[in-house]
Amino acid sequence: MFLLHGLLQCPWDLYGLLKLAAVLLGCLWWLRKPRRLPPGPINWPLLGNFLSLTQDEPMLLKSWARQYGDVFMYHVGSRAVVVLNGYRTIHQALVKQAEDFSSRPYMPITAENSQRKGVIHVPYGPFWKQHRKSTLLKMREIGVDKPVLDQKIAMEGQSLVQEITKKEGIPFDMTKLIQTAVSNIISTMLCGTRYEYDHPGFQRFISNVALNFKFSRLSMLPNHYPWTKWVPGLNTEFNRTLECNKEIREHIREHLVEHETSFDPDNIRDFMDAFLNEIRHQDDEAATVNKEQLVQVIRDMFVAGIENIATALRWALLYSVLYPDIQARVQEEIDHVLGRNGTPTMADRKKMPFTEATIEEVLRYATVAPLTVDHATSRDTSLNGYYIPKDTLVQVNLWSVHHDPETWPEPETFDPTRFLNDEGQFQKKAENIPFSLGRRICLGERMARAELLLFYITLLQHFHFKLPEGAARPSEKGLFGITYNPVDFDIVAVPRFSDMCT
Ligand code: HEM
């Protein structure tokens, strides 16, 4: 009573109280605004969900999606990771909300490897836009979408056939030969040089590139716990990736020195020449088109352009031996269209619907890049009703899209006919997205598709592939790392025509 009386006596205090009440009401209104973070497993102090992360990460994420929905959140250390599952959600984020979901997170390992130059690991913004566009233009300039690429693949395909013929039907692992063939294509396009299959320096270069994919995300500790990069024992793999990427850059710099001395603006021979030409036309000292960026872009293209294709080709060969009827049907089509000596081109694919469907099914079933490259949000945003703050690490689970039973009847069955229409013609499906979607979609898709199809045709045109006599059937399930790899397997390549034997 006394208080109320006092307040009424003192108009200034009443005014202050009203102000306070208004602020409180404002806060309440603001808190009322739904800022629901995505649900997810319990976030344990310090560790987050680190101990739950298994090698089979895409499968674990798919099972969490069943529990928490297509957008959920888990934690590694103090870092929140939002996972996107299912075609509709991924399309909404990467295509419809592309401005929000097209960045890259800051990761200590990739930051040290790339100095945030190049294309792959650069955050969304003017620098990335400029260099993605100019990289695409240079790829076109050197003919990645023209028959010149088909010719290069055809020539390399012949060298690969010769190397396999040397094995004389003895069981062997195809990994090295396939990696070398694919590396020769990208090396010719980028730096104008191909190497023999036993060139020790090039083999070391290929191993260095492959090493970028060997480590599991789990083993990339310094990305989530930066202090571990100074702890002996915990930093071994981190130091090894730095070392091998240094060697990759040295290999590219050697080509650069040679290219600068022989450069002729009227004869642009490859990607490196096209880049040097662009540097020549810069008059701005602070321009970001410079030699360091050249080295990093080429490093990105080598790393992105070898392992994914080589892995997909190994899957294609594995399924060919596991499903001999599919192999026979592809060979029938090849024989009909090309005969034994015809050279395949991308134009032939229209006449080979089953072969094209087989490669498409390999890309779906095996999903060689199951979690794309990590994305990040470039501003505060929301998705499926959940609030996702700026700079959140976002994982895009392509595996969940490619193995969704609502889209693909019996998703765990390898069946190329799902990509054929009633007339037996090849039919693309929007939900098959092995190269991802949106602004960050794979920059080398055209090149990858050409290599996959033309190398596969060349191999099956010349050889019948089978498992070694008495060998156990290799598992159809692979090993998850950065890429999804088949288990190691030996293969026997039997020449289809007797005059091919050495
Ligand atoms: C079967 C082969 C390939 C597959 C399955 C594949 C798949 C992918 C995927 C899933 C991404 C991540 C997209 C995202 O972040 O959402 C990507 C990015 C990228 N790929 Fe590929 N890729 C293949 C071959 C290639 C080749 C041959 C090249 C180069 C010649 C290449 C260059 C790149 C680059 C530069 C990026 C980063 C794009 C950016 O951040 O803007 N890829 N690829």
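Let me sum up the structure you'll find in this document. (Residues numbered from 1 in each chain as written. Predicted model: local features only at pLDDT ≥ 70, side-chain atom pairs only at ≥ 80, totals over all residues. Heavy atoms only, no water.)

**Considerations on the overall build of the protein**
Then comes step 1: Scanning the protein for helices and strands turns up 18 helices and 10 strands.
Then comes step 2: Taking all 502 residues of the protein together, the buried fraction comes to 53%.
Then comes step 3: Restricting the contact set of the protein to residue pairs at least 6 apart, pairs at least 24 apart contribute 73%.
Then comes step 4: Carbon and sulfur atoms form 58% of the exposed surface of the protein, whose accessible area is close to 23,500 Å².
Then comes step 5: Taken as two groups, the 56 positive and 60 negative side-chain charges of the protein have centres that lie 6 Å from each other. (Helix = DSSP H or I, 4+ residues; strand = E, 2+ residues; numbered from the N terminus. Buried < 20%, exposed > 50% of the residue type's maximum accessible area, 1.4 Å probe, protein only. Contact = heavy atoms within 4.5 Å. Areas by Shrake-Rupley, 256 points an atom, 1.4 Å probe, with all protein chains shown as cover. Lys, Arg positive; Asp, Glu negative; His and termini not counted. Charge placed at Lys NZ, Arg CZ, Asp CG, Glu CD.)

**What to know about the site of the ligand**
Then comes step 1: The immediate surroundings of the ligand are formed by 24 residues, with Arg 104, His 375, Ser 436, Arg 440 and Cys 442 found nearest.
Then comes step 2: In this structure, Arg 104 approaches the ligand through a side-chain N or O atom, which is 2.8 Å from an oxygen atom.
Then comes step 3: Contacts to the ligand include His 375, whose side-chain N or O atom sits 2.7 Å from an oxygen atom.
Then comes step 4: Elements represented by at least two residues in the shell around the ligand include exactly helix 7 (126-141), helix 14 (291-322) and helix 18 (445-462).
Then comes step 5: Looking at the shell around the ligand element by element, the count peaks at four residues for helix 14.
Then comes step 6: Of the residues assigned to the shell around the ligand, the class counts are 15 nonpolar, six polar and three charged. (Near = heavy atom within 4 Å. Polar contact = N/O pair within 3.5 Å; in protein donor to acceptor, adjacent residues only side chain to side chain. Nonpolar A, V, L, I, M, F, W, Y, C, P; charged D, E, K, R; others polar.)

**What to know about the packing of helix 10 (residues 200-214) against helix 14**
Then comes step 1: Contact geometry for helix 10 and helix 14: axes closest at 9 Å, N-to-C directions at 80 degrees. When the axes of helix 10 and helix 14 are compared, the pair comes out roughly perpendicular. Here Phe 205, Val 209, Ala 210, Asn 212 and Phe 213 of helix 10 come into contact with helix 14, specifically with Arg 299, Phe 302, Val 303, Ile 306, Glu 307 and Asn 308. (Axes fitted to C-alpha atoms, helices over the stretch in contact; angles between N-to-C directions. Parallel < 35°, antiparallel > 145°, perpendicular 65-115°, else oblique.)

**Some thoughts on the coordination of the iron atom of the ligand**
Then comes step 1: In this structure, the iron atom of the ligand receives exactly one donor atom from the protein: Cys 442 (SG), at 2.3 Å.
Then comes step 2: Inspection of the secondary structure puts Cys 442 in the loop between helix 17 (398-402) and helix 18. (Donors = N, O, S within 2.8 Å, 3.2 Å for Na, K, Ca; no water.)

**Things to note about the nonpolar core**
Grouped burial of nonpolar side chains is what soluble globular proteins tend to show.
Then comes step 1: With 99 residues, the main nonpolar core has Ile 164, Leu 294, Ile 298, Phe 302 and Phe 465 as its most contacted residues.
Then comes step 2: Per-element tally for this core: the top contributor is helix 14, with 19 residues.
Then comes step 3: In contact with Ile 298, not counting residues within four places along its chain, are Leu 190, Cys 191, Ile 252, Phe 271 and Met 272.
Then comes step 4: In terms of nonpolar packing, the next biggest core, distinct from the first, is built from 17 residues, Met 73, Ile 90, Val 396 and Leu 437 among them. (Core = buried A, V, L, I, M, F, W, Y, C linked by side-chain atoms within 4.5 Å.)

**Here we look at the packing of helix 10 against helix 12 (residues 236-262)**
Then comes step 1: Put simply, helix 10 and helix 12 touch, their axes get as near as 9 Å, and they point 135 degrees apart. Here helix 10 lies oblique to helix 12, going by the angle between them. You can see that helix 10 and helix 12 cross each other, and the crossing is left-handed. Side by side, helix 10 and helix 12 meet where Phe 202, Arg 204, Phe 205, Asn 208, Val 209, Leu 211 and Asn 212 of the first sit next to Arg 240, Thr 241, Cys 244, Asn 245, Glu 247, Ile 248 and His 251 of the second. (Left-handed = near helix turned anticlockwise from the far one by under 90°.)

**Observations concerning the layout of surface pockets**
Then comes step 1: If you add up the space inside the largest pocket, you get close to 500 Å³.
Then comes step 2: As for the largest pocket, its lining consists of 24 residues, of which Lys 214, Glu 307, Arg 314, Asn 485 and Asp 488 are closest to the centre.
Then comes step 3: Those elements giving two or more residues to the lining of the largest pocket turn out to be helix 9 (175-191), helix 10, helix 14 and strand 8 (479-480).
Then comes step 4: Tallying contributions element by element places helix 10 first for the lining of the largest pocket, with six residues.
Then comes step 5: Classifying every residue of the lining of the largest pocket gives nine nonpolar, nine polar and six charged.
Then comes step 6: Estimated volume of the second largest pocket: approximately 390 Å³.
Then comes step 7: If you go around the second largest pocket, you meet 16 residues; those closest to its centre are Asp 70, Gly 86, Ser 400, Asp 404 and Glu 406. (1 Å grid on protein atoms, 1.4 Å probe; cavity = no way out; pocket = protein on both sides within 12 Å on 5 of 7 lines; lining within 4 Å. Points joined across faces, edges and corners; volume = space filled by probe spheres on them.)

**Remarks on the sheet that holds strand 6 (residues 393-397)**
Then comes step 1: Reading across the sheet, the four strands line up as 1-2-6-3 and stay open at both edges, with mixed pairing between neighbours. Edge positions in the sheet fall to strand 1 (71-76) and strand 3 (375-376), since each has one partner strand and no second.
Then comes step 2: By the bridge criterion, six bridges tie strand 1 to strand 2 (residues 79-85) in an arrangement that is antiparallel. Bridge pairing in strand 2 places His 75 opposite Ala 80.
Then comes step 3: Set on the sheet, helix 3 (residues 57-68) makes contact with strand 1, strand 2 and strand 6; between it and strand 1 the angle comes to about 125 degrees.
Then comes step 4: Across the sheet, helix 4 (residues 87-96) is in contact with strand 1, strand 2, strand 3 and strand 6; its angle to strand 2 comes to roughly 115 degrees. (Pairing = 2+ DSSP bridges.)

**Considering a nonpolar patch on the surface**
Then comes step 1: Together, Ile 42, Trp 44, Leu 46, Leu 47 and Leu 51 make up a nonpolar patch on the protein surface, roughly 610 Å² of accessible area in all.
Then comes step 2: Tracing the backbone shows Leu 46 in the loop between helix 2 (11-32) and helix 3. (Patch = residues over 30% accessible without salt bridge, like charges linked within 9 Å, V, L, I, M, F, W, Y side chains within 5 Å. Salt bridge = Lys/Arg side-chain N within 4 Å of Asp/Glu carboxyl O.)

**Here we look at the pairing of strand 6**
Then comes step 1: Most of strand 6 sits out of view: five of its five residues are buried.
Then comes step 2: Residues Leu 393, Gln 395 and Asn 397 of strand 6 are buried on one face, and the alternating residues Val 394 and Val 396, pointing to the opposite face, are buried as well.
Then comes step 3: In the sheet, strand 2 pairs with strand 6 via five bridges, with the strands oriented parallel. Among the inter-strand pairings, Val 83 is bridged to a residue of strand 6, identified as Gln 395.
Then comes step 4: For strand 3 and strand 6, the ladder comprises two bridges, and the chain directions are antiparallel. Counterpart to Ala 376 in the pairing with strand 6 is Leu 393.

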